[in-house]
Amino acid sequence: MLLKQDRALTAISVMLDVAFHVGRGAEVASGGDIADRLGAAKRGIEPVFQALSRAGLLDSTRGPRGGYRLARRSRDIRLWDVVSAVAEEEESPDMTGQLQAAVVAPLWGEMEGLLRERLEGMTLDDLLRRAQARGLKRPSTEPLNFAI
């Protein structure tokens, strides 16, 4: 599987946005809000939302106050699960040359193995920690309490 960079990065960005803004709480993030924060067209990333929901990574709520939240804790969602949810199998070019078979195909297999190993070892929690280390503050989802 040769990863389509745009779909994989979009899926990781969507999941990180949801984890950062709402997590698994009672609140949901609307698809429009997520698209706006990512600078993407909602219509263009809707298939990514659907794939992530089908894979059990996002819970979706319909209706005027509908949206998305994480289906599991961020520490339980591996980046490889996210990428796998949106990966499309591509047909390999039908190249049967000696160099292709002896060098290029094994190289591609090694690269995919390294990428998979790296993504399996990382979770959404790891990305949230990176955001925090770069000074990004998560919005508060706690209700406001006023005491007079």
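Preceding block: the structure.
Owing to the predicted nature of the structure, the values given are computational and were not obtained by experimental measurement.

A. Just the overall build of the chain, in detail. Check the secondary structure of the chain and you find six helices and two strands. Moving toward the C terminus, one meets the helices and strands of the chain in the order α-α-α-β-β-α-α-α. Counting across all 148 residues of the chain, residues that qualify as buried make up 28%. Taking all contacts inside the chain whose residues are at least 6 apart in sequence as the whole, residues at least 24 apart take part in 71%. Accessible surface, the chain as shown: approximately 10,100 Å² in total, 51% of it carbon and sulfur.

B. Fine view of the nonpolar core. With 33 residues, the main nonpolar core has V14, M15, L52, L58, L70, V82 and L124 as its most contacted residues. The set of elements that each furnish at least two residues to this core consists of helix 1 (5-21), helix 2 (31-38), helix 3 (42-54), strand 2 (67-70), helix 4 (79-86) and helix 6 (124-133). The dominant element in this core, judged by the number of residues it contributes, is helix 1, at eight residues. Ignoring anything within four residues of it in the chain, the contact list for L124 reads M15, L16, A19, L70, S74, I77 and L79.

C. Structural detail: helix 3. Here helix 3 contains 13 residues, and its C-alpha end-to-end distance of 18 Å stays within 8% of the 18 Å for a straight helix at 1.5 Å per residue. Turning to helix 3, its buried residues are I45, E46, V48, F49, A51 and L52. Backbone geometry just downstream of helix 3 places G56 in the positive-phi region, at approximately 80 degrees.

D. Broad picture of the pairing of strand 2. Across four bridges, the pairing between strand 1 (residues 58-61) and strand 2 is antiparallel. Looking across to strand 2, one finds that L58 is bridged to L70. The antiparallel pairing of strand 1 with strand 2 creates a hairpin that spans five residues between the two strands, and G63 there sits at a positive phi of about 105 degrees.

E. How the structure looks around a nonpolar patch on the surface. Judged by side-chain polarity, L107, W108, M111 and L114 come together as a nonpolar surface patch covering roughly 410 Å² of accessible area. Mapped onto the fold, M111 is located in helix 5 (residues 98-120).

F. Spatial organisation of the environment of R7. In this fold, R7 is placed in helix 1. In this structure the C-alpha to C-alpha distance between R7 and A87, which are 80 residues apart in sequence, comes to 7.4 Å. Residues in contact with R7, not counting those within four places in the same chain, are P47, V48, A51, V86 and E88. From its side chain, R7 meets the backbone oxygen of V86 in a polar contact 2.9 Å long.

Scoring rules and cut-offs
- Residues numbered from 1 in each chain as written.
- Predicted model: local features only at pLDDT ≥ 70, side-chain atom pairs only at ≥ 80, totals over all residues.
- Heavy atoms only, no water.
- Helix = DSSP H or I, 4+ residues; strand = E, 2+ residues; numbered from the N terminus.
- Buried < 20%, exposed > 50% of the residue type's maximum accessible area, 1.4 Å probe, protein only.
- Contact = heavy atoms within 4.5 Å.
- Areas by Shrake-Rupley, 256 points an atom, 1.4 Å probe, with all protein chains shown as cover.
- Core = buried A, V, L, I, M, F, W, Y, C linked by side-chain atoms within 4.5 Å.
- Expected span 1.5 Å × (residues − 1).
- Pairing = 2+ DSSP bridges.
- Patch = residues over 30% accessible without salt bridge, like charges linked within 9 Å, V, L, I, M, F, W, Y side chains within 5 Å.
- Salt bridge = Lys/Arg side-chain N within 4 Å of Asp/Glu carboxyl O.
- Polar contact = N/O pair within 3.5 Å; in protein donor to acceptor, adjacent residues only side chain to side chain.

Note that every value here comes from positions in space, so none of it alone points to a role or purpose.
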